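Below are the chains, spelled out letter by letter.
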Amino acid sequence: MTIKVDGGQSSIVVLGSLNSKKEDRKIERGNIIPVQYIDDEERVRQIQFFNEIGDLGISSMAYEDGRGKLYFSTGNSLFVILLREREVLQIDVPEIIDVHEISIISGYLWVANTGTNEAIKINLDTDEVVERITVSGRSKSSDSKIHFHCNQIFKDSKGDYYGLVHHVGGRQILKVVRGKMIKSQGDGGIINIHNNEKMELKLNAPHTIREVGEEYWIFSSGEQEVRRFSRKWGFLGSIQTVGWGRGGYFGDREGIYFIGISPIRARYAGIVKPSMTKVPVLELIDVRKKSSIGIIEIPNIEQINNVYSIPNKVIGILNELKKSNS
C-alpha cells in the first residue's frame with residue numbers, strides 16, 4: 001500500500017515514548033525513537049532531532065504554517081521550533097505535568113495540561129500564557145482526589161470549547177480484579193471549559209477527538225474502539241481497533257483515518273480484554289466502510305502518544321536540525 005498524504009506533500013508522523021510506569025517498561029530510554037514518519041514507500045523513518053529529548057519521549061505536536069513554528073511537548077515541558085531561523089526555544093510555563101495534547105485553535109495554542117486538569121491558552125506571536133482555566137465540572141466536593149484527566153481541548157461546531165476527560169464526575173473509582181487494584185472507567189465525556197457544563201458520553205478512558213466529515217470520532221481506549229458521534233453528540237456506532245487507541249489524523253483526500261494503537265500494558269494482562277497486537281502500530285481505517293484496512297508496525301517505542309500529518313518541507317528542516325546540532 002502506498003501512503004500519500006495531501007497529494008504526496010505531507011507525511012504521517014507518529015509520536016511515541018516509554019510507558020509511563022516503570023513496571024510496564026521493557027525498553028531502555030536510549031533505544032526509544034520518539035518521532036517517526038511514514039514515507040511514500042511505507043517505510044518507517046526516524047527524525048533524529050528528537051531522539052534524546054524528554055525523559056520518556058514526545059507526547060504532542062502542533063504546526064503553525066503562517067508563523068513558521070512547530071510546537072512540541074515532552075509531557076512535562078513545552079518547546080517551539082522557529083523553522084525559518086532553525087532555532088529551538090523552551091517555553092516557560094510553570095507546572096507543566098503530563099501534557100497529552102497541544103492544539104492550534106482560532107489563532108492560539110491550547111495545551112491540555114492533564115496532570116493539573118487545565119486548559120492553557122498561549123499567544124502564538126509571543127509564546128506567552130494568556131489564560132489558565134481549570135477544567136472542573138460541577139463537582140461539589142473539594143476532595144483532593146478529584147481528577148478529571150483532561151487530555152485534549154477542542155472547539156465544537158458551535159464555537160464552544162471543551163475538555164475531553166476520563167471522568168466527567170471527577171472521581172476515579174478503584175476496584176480489585178484478580179488481586180490487582182485498577183481504575184474503573186466508563187464515565188468519560190466532555191466538559192465545557194468556560195461554563196463547566198458536562199456531557200457524559202459513556203466512554204472508557206477516552207482519547208483523541210477528531211472531526212471526520214460531519215462526525216466526531218473519539219477513542220474509547222479501554223474498550224479498544226473508535227466511537228462515532230453526530231455534531232449534536234448522538235451516538236452513531238463503534239469501530240473495533242486492534243488495541244489501545246491514542247492519536248489520530250483524518251486524511252480527507254485519502255478517505256483514511258490513521259490511528260495510533262498500543263498494546264494493553266503489562267500490569268493489565270489478564271484483567272482487561274487483550275489487544276490484538278503485541279507491538280505499537282499505525283492502523284488505517286477506511287472511513288467509508290468503517291473498517292480497518294491494514295496496520296503498519298512502529299518500532300522502538302512502547303506506546304503511541306499522537307499521530308499527525310506534517311508537511312514534508314517541515315520534516316526536511318527537522319532533519320537538518322539534527323545535522324546542525326550533532
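Worth saying up front: this structure is predicted, and the values here are computed from it rather than measured.

## Remarks on the side chain of H167
With respect to the helices, strands and loops of the structure, H167 is situated in the loop between β13 (161-165) and β14 (173-177). A polar atom in the side chain of H167 sits 3.2 Å from the side chain of D187.

## Observations concerning unusual backbone geometry
The backbone of E95 sits at a positive phi, close to 55°, despite the residue not being glycine. Within the secondary structure layout, E95 lies in the loop between β7 (87-91) and β8 (99-105). Here E95 falls in the exposed class, since its relative accessible area comes to 59%. You will see that N196, though not glycine, has its phi angle at about 65°, which is positive. Tracing the backbone through its elements, the reader meets N196 in the loop between β16 (188-192) and β17 (198-203).

## Looking at the environment of V314
Position of V314 relative to the elements: it lies in helix α1 (residues 312-325). Separated by 304 residues in the primary sequence, V314 and S10 have C-alpha atoms spaced 8.9 Å apart. Contacts of V314, omitting those with residues within four sequence positions, involve Y63 and L83.

## Some words on the confidence of the model for the chain
When the pLDDT values of the chain are averaged, the result is 90; 89% of them are 70 or greater. Note that pLDDT drops below 50 for residues 174-178; the model gives that stretch eleven contacts with residues more than four away or on any other chain.

## Quick word on the nonpolar core
Ranked by size, the top nonpolar core spans 22 residues in total, and within it F50, M61, F72, I81 and L318 carry the most contacts. At the level of secondary structure, the elements contributing two or more residues to this core comprise β1 (10-17), β2 (35-38), β5 (69-73), β6 (78-82), β26 (303-311) and α1. With five residues, α1 is the largest single contributor of residues to this core. Residues in contact with I81, not counting those within four places in the same chain, are F49, F50, G68, K69, L70, F72, E87, V88, L318 and L321. Core analysis: the next-biggest nonpolar cluster, separate from the first, contains 16 residues, I32, L282, I298 and V307 among them.

## A short note on the sheet that holds β5
Judged by pairing direction, the sheet is antiparallel, and its four strands sit side by side in the order β4-β5-β6-β7 without closing on themselves. Two strands in the sheet have a free side with no partner beyond their single neighbour: β4 (60-64) and β7. For this sheet, the mean angle separating the axes of adjacent strands, direction not counted, is 20°. With five bridges connecting them, β5 and β6 associate as antiparallel partners. When the bridges of β6 are listed, L70 appears paired with I81.

## Concerning the side chain of N117
Relative to the helices and strands, N117 resides in the loop between β9 (108-113) and β10 (118-123). Within the local environment of N117, its side chain forms a polar contact with the backbone nitrogen of H149, the two atoms lying 3.0 Å apart.

## Re the sheet that holds β13
Taken together, the four strands give an open sheet; going across it, the order is β12-β13-β16-β17, and neighbouring strands pair in antiparallel fashion. Of all strands in the sheet, those with a lone pairing partner are β12 (150-155) and β17, marking the two edges. Adjacent strand axes in the sheet meet at a mean angle of 25° when their direction is disregarded. Sheet analysis places β16 next to β17, joined by four bridges and oriented antiparallel. Across the sheet, I190 pairs through a bridge with M199, a residue of β17.

## Digging into the packing of aromatic side chains
The final tally for this structure, using the stated rule, is twelve aromatic pairs. Measuring from centroid to centroid gives 5.4 Å for W217 and Y257, while their planes differ by 90°, and the two rings are edge-to-face. With W217 in strand β19 (residues 215-220) and Y257 in strand β23 (residues 256-262), this pair connects stretches of sequence that are 40 residues apart. For W217, a relative accessible area of 1% gives the class buried. Members of the aromatic cluster, each reached through a chain of ring pairs, are F154, Y162, Y216, F229, W233 and F235. A cation sits over an aromatic face here: K121 above Y108, 4.2 Å from the ring centre. Positioned over the ring face of Y216 is R231, at 5.5 Å from the centre of the ring.

## Digging into the environment of R86
As for its position among the elements, R86 is in the loop between β6 and β7. Between the alpha carbons of R86 and L321 there is a distance of 6.7 Å; along the sequence they are 235 residues apart.

## A look at the pairing of strand β25 (residues 291-297)
Pairing analysis gives six bridges linking strand β24 (residues 281-286) to β25, with the strands arranged antiparallel. When the bridges of β25 are listed, L282 appears paired with I296. Hairpin connection of β24 to β25: four residues between the antiparallel strands, including K290 at a positive phi of 60°.

The rules behind each value
Residues numbered from 1 in each chain as written. Predicted model: local features only at pLDDT ≥ 70, side-chain atom pairs only at ≥ 80, totals over all residues. Heavy atoms only, no water. Helix = DSSP H or I, 4+ residues; strand = E, 2+ residues; numbered from the N terminus. Polar contact = N/O pair within 3.5 Å; in protein donor to acceptor, adjacent residues only side chain to side chain. Buried < 20%, exposed > 50% of the residue type's maximum accessible area, 1.4 Å probe, protein only. Contact = heavy atoms within 4.5 Å. pLDDT = per-residue confidence, 0-100. Core = buried A, V, L, I, M, F, W, Y, C linked by side-chain atoms within 4.5 Å. Pairing = 2+ DSSP bridges. Axes fitted to C-alpha atoms, helices over the stretch in contact; angles between N-to-C directions. Phe/Tyr/Trp six-rings, centres within 6.5 Å; stacked < 30°, edge-to-face > 60°. Lys NZ or Arg CZ within 6 Å of the ring centre and 35° of its normal.

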